[in-house]
Amino acid sequence: MERTLSETLWLKHPEHYVVPQWRVPENIRAVSTSRLGGVSGAPYDTFNLGGHVRDRDQCVRQNRRRLADDLGLPGERFFWLNQTHSSEVVDIDDTQLLS
């Protein structure tokens, strides 16, 4: 069965996210984060998820925990990447997520 992502009630703080208007199978969830709802100070305020910038590590960790909680997902299921402009592909499987 398909639904529109924005029709779901699974997101704890929908005002902090952009939810696509795609028609998707029931088991698919997607959001784009905004800068709202986090703990980071300027210039990263407030919902910085990037561990590669000069934000405080504890703020990034807390923001990532908030994201997992808002999405209703266990934090250990996330695999954090740094965006690059290249043709490199990262293939992640369950063994990497659970290690």
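Okay, so let's go over this structure. Here the residue index of a chain counts from 1 through its sequence in written order. The predicted origin of the model limits local features to residues at a pLDDT of at least 70 and limits the giving and counting of side-chain atom pairs to 80 or more, whereas totals for whole chains, interfaces and linings rest on all residues. Computation of side-chain values: all heavy atoms of the structure, hydrogens and water removed.

Bringing the overall build of the protein into the picture now. Along its length, the protein carries 2 helices and 4 strands. In the protein, the order of α-helices and β-strands from amino to carboxyl end is β-β-β-β-α-α. Put simply, the protein has 99 residues, and 26% of those count as buried. We call two residues in contact whenever any of their non-hydrogen atoms come within 4.5 Å of each other. Sequence-distant contacts in the protein: of pairs separated by 6 or more residues, those separated by 24 or more amount to 23%. A run of H or I in DSSP becomes a helix once it reaches four residues, and a run of E becomes a strand once it reaches two; helices and strands are each numbered from the N terminus. A simple rule labels every residue: compare its accessible area, found with a 1.4 Å probe on the protein chains alone, to the largest value its type can have, and call it buried under 20%, exposed over 50%, or partly exposed in between.

Below, the discussion takes up a nonpolar patch on the surface. Among the surface-exposed residues, Phe79, Leu81, Val90 and Ile92 lie close enough to one another that they form a single nonpolar patch of about 330 Å² accessible area. As for its position among the elements, Leu81 is in the loop between helix 1 (57-71) and helix 2 (94-98). Patch definition: residues above 30% relative accessible area lacking any salt bridge, with like charges linked at up to 9 Å and the nonpolar side chains Val, Leu, Ile, Met, Phe, Trp and Tyr linked at up to 5 Å. Values of accessible area rely on a 1.4 Å probe in the Shrake-Rupley scheme; residue burial ignores everything except the protein chains shown. Salt-bridge detection follows one rule: a side-chain nitrogen of Lys or Arg within 4 Å of a carboxyl oxygen of Asp or Glu.

This brings us to the side chain of Asp70. Examined against the element boundaries, Asp70 turns out to sit in helix 1. Here Asp70 is buried and forms no salt bridge, its nearest opposite-charge partner Lys12 lying at an N-O distance of 5.9 Å. Nitrogen and oxygen atoms within 3.5 Å of one another constitute a polar contact, given that in protein one can donate a hydrogen and the other can accept it, and given that sequence-neighbouring residues count only through two side-chain atoms. A polar contact of 2.7 Å, which involves the side chain of Asp70, links it to the side chain of Tyr17. Neither His nor the chain termini are counted; the positive set is Lys and Arg, and the negative set is Asp and Glu.

What follows deals with helix 1. Helical periodicity: at 3.6 residues per turn, an α-helix aligns residues three or four positions apart in one direction. Helix length check: helix 1 (15 residues) gives 21 Å between terminal C-alpha atoms against 21 Å at 1.5 Å per residue, within 8%. The set of residues buried in helix 1 consists of Cys59, Val60, Asn63, Leu67, Ala68, Asp70 and Leu71. Contacts made by the buried residues of helix 1 are with strand 2 (17-18) and strand 4 (32-33). Each residue after the first adds 1.5 Å to the expected span of a helix.

Another aspect to go through is the pattern of salt bridges. Inspection of the entire model under this criterion finds 2 salt bridges. Of the charged contacts in the structure, one is a salt bridge between Lys12 and Asp69, with a shortest N-O distance of 3.0 Å. Of this pair, Lys12 sits in the loop between strand 1 (2-4) and strand 2 while Asp69 sits in helix 1, placing them 57 residues apart in sequence. For Asp45, the salt bridge goes to Arg35, with nearest N and O atoms at 3.3 Å. Note that Asp45 is positioned in the loop between strand 4 and helix 1 and Arg35 in the loop between strand 4 and helix 1, a separation of 10 residues in sequence.

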